[in-house]
Amino acid sequence: MSEKINCLDLKGQHQQVKKEIFEAFEKVYENTAFSGGPFVEMFEKDFAAFCGTKYAVGLNNGTSALHIAMLALEIGAGDEVILPANTFIATAWGVSYTRATPVFVDCTPDTWQIDIAKIEREITSRTKAIIGVHLYGQPFDIDGVVAIAKKNGLYLIEDAAQAQGTRYKGGMVGGFGEMACFSFYPGKNLGACGEAGGVTTNNEEYYKHLQSLRNHGSQVRYFHDEIGYNYRMGGLEGASLKIKLKYLEGWNQRRKDIARQYQNEIVNPKIKMQAQPEWADSIYHLFVITAEKRQELMSYLNQNNIYPALHYPVPCHLQKAYQNLGYKKGDCPNAEYLAEHCLSLPMYAELTDEEVNKVIEVLNNY
Ligand SMILES: *Cc1c(COP(=O)(O)O)cnc(C)c1O
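For every chain, the first residue of its written sequence is number 1, and the numbers climb from 1 along that sequence. At least 70 in pLDDT is required for a residue's local features to be given in this predicted model, at least 80 for side-chain atom pairs to be given and counted, and no such filter applies to totals for whole chains, interfaces and linings, which use all residues. The side-chain quantities take in all heavy atoms of the structure and omit both hydrogens and water.

Pairing of aromatic rings covers Phe, Tyr and Trp, the last through its six-membered ring, and needs centres within 6.5 Å; plane angles under 30 degrees mean stacked, over 60 mean edge-to-face, and all others mean tilted. The final tally for this structure, using the stated rule, is 21 aromatic pairs. For the pair Phe43 and Phe184, a centre-to-centre distance of 5.3 Å together with 85° between the ring planes defines the contact as edge-to-face. With Phe43 in helix H3 (residues 38-51) and Phe184 in the loop between strand E9 (179-183) and strand E10 (197-201), this residue pair connects regions lying 141 residues apart in the sequence. Judged by centre distance (6.1 Å) and plane angle (25°), the rings of Phe47 and Phe50 are stacked. Of this pair, Phe47 and Phe50 both sit in helix H3, separated by three residues, roughly a single helical turn. Where helices and strands are cited, they refer to DSSP runs of H or I of at least four residues and of E of at least two residues respectively, numbered from the N terminus.

As structure tokens, this is what we get:
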């Protein structure tokens, strides 16, 4: 009986860096630098350099990043923000936390990213911003979205939670809009030993404002200029991220190699894959496929000890949390199709060649 192959397994990676990370934890401990502080600042510098942006602000998670990015743009009640229906729900939370309204746009039937042709019809006098999502680690059509944003005087925010190291036309994501929001949740390509997130930007004003918002609306201790939040990154998280960042490009390359193998060697016509435009350099946070009979394929894979996951089974516009917005089935047909037929294959850097080959072989025999 062979071992289970899961969609994601974090153990291998953390064994690999355990010694280094524990040494770093010891330094944090000796310095009692548990909240913000030098270990977070060192990571912020490294991460900004990695993204090619002037600034990075470390936070407690990626959802907070999306929230304070909206606040830094002064988005609030009465405003509308456009975002894809096919994304993890947190893309919309930041908008809702400010009392603004998320407006969902369908994805294309092949790249599964926001459909540029369907954005402009959703723009109203209340629209303030577009959040583009580099979903599954693949960049969205940035030039297409930038052109629409420019023409209509809208801000652009990148949700890069699944895209640490993703490139678009050769350029690293993180600096294409006003701000980019990252998650360092443990399961992301760059994940902390704990919860964490961050924002990158080239704009000093946003940078200063984000620093204040994450720290109780305060620049000078105990003087509060606005209502703020406690969204700081912890020192242990910052220290673990600084170390893991050194390995990120290598881990991403291994994911790309596995993806290339899936793309070239899975030849079963019952399985459809995400289209990869030539300008997209995905880091394959997820490797999503679709199949007409998803449940049947899922059971078959499980019988063969392969355990895929679903990203995501319900599109944002049909979530119960948003039923007050009045969306109905049929409003975003491509995102709905995907939700009903998607399945995420095992994808992480520590998969062995044998495991990858087994996934391919089992899928070809389906
Ligand atoms: C993970 C994720 C988030 C939220 O990040 P957290 O750190 O879990 O709060 C936001 N958007 C997308 C697309 C994500 O995948």
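Taken as a whole, the largest pocket holds about 470 Å³ of empty space. Looking at the largest pocket, it is lined by 28 residues, and the ones nearest its centre are Phe88, Gln162, Tyr185, Lys188 and Tyr312. Contributing elements (two or more residues each) for the lining of the largest pocket: helix H4 (62-72), helix H5 (90-97) and E9. Sort the elements by how many residues they give to the lining of the largest pocket and H4 lands first, with three residues. Formed jointly, the lining of the largest pocket draws a minimum of three residues from each of two domains, domain 1 (11-106 + 113-245) and domain 2 (248-364). Any residue with an atom within 4 Å of a point lines the site, the site being either a cavity, points on a 1 Å grid over the protein atoms alone where a 1.4 Å probe fits but cannot get out, or a pocket, an open set with protein on both sides within 12 Å along at least 5 of 7 lines. Grid points are joined across faces, edges and corners, and a volume is the space filled by probe spheres set on the points. Residue ranges for the domains originate in an automatic or database domain assignment.

Along its sequence, the protein chain is organised into domain 1 (11-106 + 113-245) and domain 2 (248-364). In this structure, domain 1 and domain 2 have C-alpha centres spaced 24 Å apart. Listed as interface residues are 43 residues of domain 1 and, on the opposing side, 34 residues of domain 2. Of the roughly 3,300 Å² buried where domain 1 meets domain 2, counting both sides, 59% is carbon and sulfur surface. Salt bridges are defined as contacts in which a side-chain nitrogen from Lys or Arg sits within 4 Å of a carboxyl oxygen from Asp or Glu. Where domain 1 meets domain 2, there are one salt bridge. Linking Arg167 and Glu249 is a salt bridge whose minimum nitrogen-to-oxygen distance equals 3.0 Å. Polar contacts, as counted here, are pairs of nitrogen or oxygen atoms within 3.5 Å of one another; within protein the pair requires one atom able to donate a hydrogen and one able to accept it, and residues that are adjacent in sequence qualify only if both atoms are side-chain atoms. There are 25 residue pairs in polar contact (both at pLDDT 80 or more) connecting domain 1 and domain 2. Breaking the side of domain 1 that touches domain 2 down by element, the ones donating at least two residues are helix H1 (11-16), H5, strand E4 (101-105), strand E7 (167-168) and helix H8 (235-265). Counting residues per element, the side of domain 1 that touches domain 2 draws most heavily on E4, at five residues. Each residue is assigned to one class: nonpolar for Ala, Val, Leu, Ile, Met, Phe, Trp, Tyr, Cys and Pro, charged for Asp, Glu, Lys and Arg, and polar for all the others, Gly among them. The residue makeup of the side of domain 1 that touches domain 2, split by class, is 20 nonpolar, 16 polar and seven charged. Any two residues whose heavy atoms approach within 4.5 Å are treated as being in contact. Two parts placed together each lose some accessible area; with a 1.4 Å probe, that loss summed over both constitutes the buried area.

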